[in-house]
Amino acid sequence: MRIAEIAALAGVTSRAVRHYHHVGLLPEPARRPNGYRDYSVRDAVLLARIRRLTELGLSLDEVRDVLADDAGRELTEVLGELDADLARQEAEIRARRRRLAELMETPPTDGGPVSPELARFLHSLPAVDSPSATMDRDLLTLLDRHGYADDGDGDGEDGDGDGDGSGSAESGSVYDALRPLAAAPEMLGLYRRLDELVDAPADDPRIGPLADDLAALLTDEIVAALPADDGPSVDGFGDALLAEYSPAQAQVVRLIMESLSRRTRERGAVS
């Protein structure tokens, strides 16, 4: 048989046959005097087997391992691993479809797809025109995508491979704890005071009192709901965050971060 004939018999293309020759899966047959390859029935059987194995999802390296094992033990092992891998993929797809259904049922947000928990939280917030408030909400979106407030229900993509978040079990109540703070009437006034520091120097006398007032609103319930870590564990994240603010605003944020860090450590020491 010529290459087109064996390809048609096995249900593949001539190009695929040449590729299998190139990677060493299908041995080169003898050639006719005119230079054309002359394939045998044995070659066709081998080519058909290669096709069946690739259709099962095996890589060419895995196909080579199977073909190299005359006893067939390798085939059973590889097919078992493939079945387990497909089962994991099915579980991931089911979890992502559940998450997608939740996202479609929650109100849309300006920042694009977020977790249903954050979408509901943002939807409950009052409309504001404060740049500082907008920055806080953008930061929540970033932390949410990091898995900062995942509800710990086993859907973590970086946890057990069954979803798309990776937060701690205790962090599901973060948004519930923050909701009273975000809705507090004095919060808008504090945001305005922070906005007013946009052109102020880093030693502005308003910095300390504002940081104290903001820290006072961070109740023990909020601190207890925060994850044990400090957010994304990326080198330079804290510096990059502070760089988004003016010098005076950054000093306020730094003081609040230090206060939260201290209270989180104290909480850990007590527990």
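These numbers were taken from a predicted model, which means no experiment stands behind them.

**Side note on the overall build of the chain**
Summing up its helical and strand segments, the chain has 13 helices and 0 strands in all. Mapped from its N terminus to its C terminus, the chain presents α and β elements in the order α-α-α-α-α-α-α-α-α-α-α-α-α. Of the contacts formed within the chain by residues at least 6 apart in sequence, a portion of 58% connects residues at least 24 apart. Total accessible area on the chain is roughly 16100 Å²; 53% of this is exposed by carbon and sulfur atoms.

**Details of helix α1 (residues 3–10)**
Listing the buried residues of α1 in full gives Ile3, Ile6, Ala7 and Ala10. Relative to the axis of α1, the buried residues are bounded by an arc of 105° and lie together on one face. Opposite its buried face, α1 presents the exposed residues Ala8 and Leu9, each directed more than 90 degrees away. The inward-facing, buried residues of α1 abut α2 (14–23) and α3 (41–55).

**A closer look at the environment of Met1**
Within the element layout of this structure, Met1 appears in the segment before α1. Each C-alpha atom of the pair Met1 and Arg37 lies 7.9 Å from the other, and the pair is 36 residues apart in sequence.

**Brief notes about the confidence of the model for the chain**
Taken as a whole, the chain shows an average pLDDT of 80; of its residues, 79% reach a score of 70 or greater. When mean pLDDT is compared element by element in the chain, α2 scores highest at 95, while helix α5 (residues 73–105) scores lowest at 78.

**A look at the packing of α1 against α3**
Axis separation between α1 and α3 bottoms out at 9 Å; the angle between their running directions is 50°. When the interaxial angle is binned, α1 and α3 end up oblique. Taken as a pair, α1 and α3 cross one another with a handedness that is right-handed. Residues Ile6, Ala7, Leu9 and Ala10 of α1 touch α3, and the partners they reach there are Asp43, Ala44, Leu47, Ala48 and Arg51. When the residues that make up the contact of α1 with α3 are grouped by side-chain class, the tally is 7 nonpolar, no polar and 2 charged.

**Considering the nonpolar core**
Phe121, Leu178, Met187, Leu197 and Val252 are the most contacted members of the largest nonpolar core, which totals 32 residues. At the level of elements, α6 (116–124), α7 (131–145), α8 (174–183), α9 (185–195), α10 (207–217), α11 (220–225) and α13 (247–270) are the ones that each hand at least two residues to this core. The element that contributes the greatest number of residues to this core is α8, accounting for 6 residues. Setting aside chain neighbours within four positions, we find Leu197 in contact with Asp204, Arg206, Ile207, Leu210, Ser246, Ala248, Gln249 and Val252. Grouped together as the second largest cluster of nonpolar side chains are 20 residues, Ile6, Val17, Leu58 and Leu67 included.

**Here's the deal with the packing of aromatic side chains**
Within a pair of aromatic rings, the relevant descriptors are the distance that separates the centres and the angle that separates the planes. Inspection of every chain in the model, using the stated rule, returns 1 aromatic pair. Just above the ring of Tyr36 sits the side chain of Arg2; from NZ or CZ to the centre is 4.2 Å.

**So, the environment of Leu197**
Mapped onto the secondary structure, Leu197 falls in the loop between α9 and α10. For Leu197 and Pro247, which are 50 residues apart along the polypeptide, the C-alpha to C-alpha distance reads 8.5 Å.

**Thoughts on the packing of α1 against α2**
At a minimum axis distance of 8 Å, the contact between α1 and α2 shows a crossing angle of 100°. Classified by the angle between their axes, α1 and α2 sit roughly perpendicular to one another. For the pair α1 and α2, the contacting residues are Ile3, Ala4 and Ala7 in the first and Ser14, Val17 and Arg18 in the second. By residue class, the composition of the contact of α1 with α2 is 4 nonpolar, 1 polar and 1 charged.

Calculation criteria
Note on numbering: residues in each chain are counted from 1, in written sequence order. For this predicted model, a pLDDT threshold of at least 70 governs which residues receive local features, and a threshold of 80 or more governs which side-chain atom pairs are given and counted, while totals over whole chains, interfaces and linings are taken from all residues. Excluding hydrogens and water, the side-chain figures rest on all heavy atoms present in the structure. Here a helix means four or more residues in a row that DSSP labels H or I, a strand means two or more in a row labelled E, and each is numbered from the N terminus. In this analysis, two residues are considered to be in contact whenever any of their non-hydrogen atoms come within 4.5 Å of each other. In these tables, accessible area is a Shrake-Rupley quantity obtained with a 1.4 Å probe, and a residue counts as shielded only by the protein chains included in the view. Throughout, exposure labels follow a simple rule: accessible area from a 1.4 Å probe, protein chains only, divided by the maximum for the residue type, with under 20% read as buried, over 50% as exposed, and the rest as partly exposed. By construction, the arc corresponds to the directions joining the helix axis to the C-beta atoms. Per residue, pLDDT measures the predictor's confidence, with a range of 0 to 100. To get an axis, a line is fitted to the C-alpha atoms, and for a helix only the part in contact is used. The angle between two axes follows their N-to-C directions and goes from 0 to 180 degrees. Angle categories: roughly parallel below 35 degrees, roughly antiparallel above 145, roughly perpendicular from 65 to 115, and oblique for all the rest. Crossings are sorted by hand: turned counterclockwise from the far helix by less than a right angle, the near helix makes the crossing left-handed, and turned clockwise it makes it right-handed. Residue type decides the class: Asp, Glu, Lys and Arg count as charged, Ala, Val, Leu, Ile, Met, Phe, Trp, Tyr, Cys and Pro as nonpolar, and the leftover types, Gly among them, as polar. What we call a nonpolar core is a set of buried Ala, Val, Leu, Ile, Met, Phe, Trp, Tyr and Cys residues that are connected through their side-chain atoms within 4.5 Å. In summary, the pairing rule links any two rings of Phe, Tyr or Trp, Trp by its six-membered ring, whose centres are within 6.5 Å, and it sorts them by plane angle into stacked for under 30 degrees, edge-to-face for over 60 and tilted for everything else. Comment: the charge-over-ring label is applied if NZ (Lys) or CZ (Arg) is within 6 Å of the ring centre and within 35 degrees of the ring normal.

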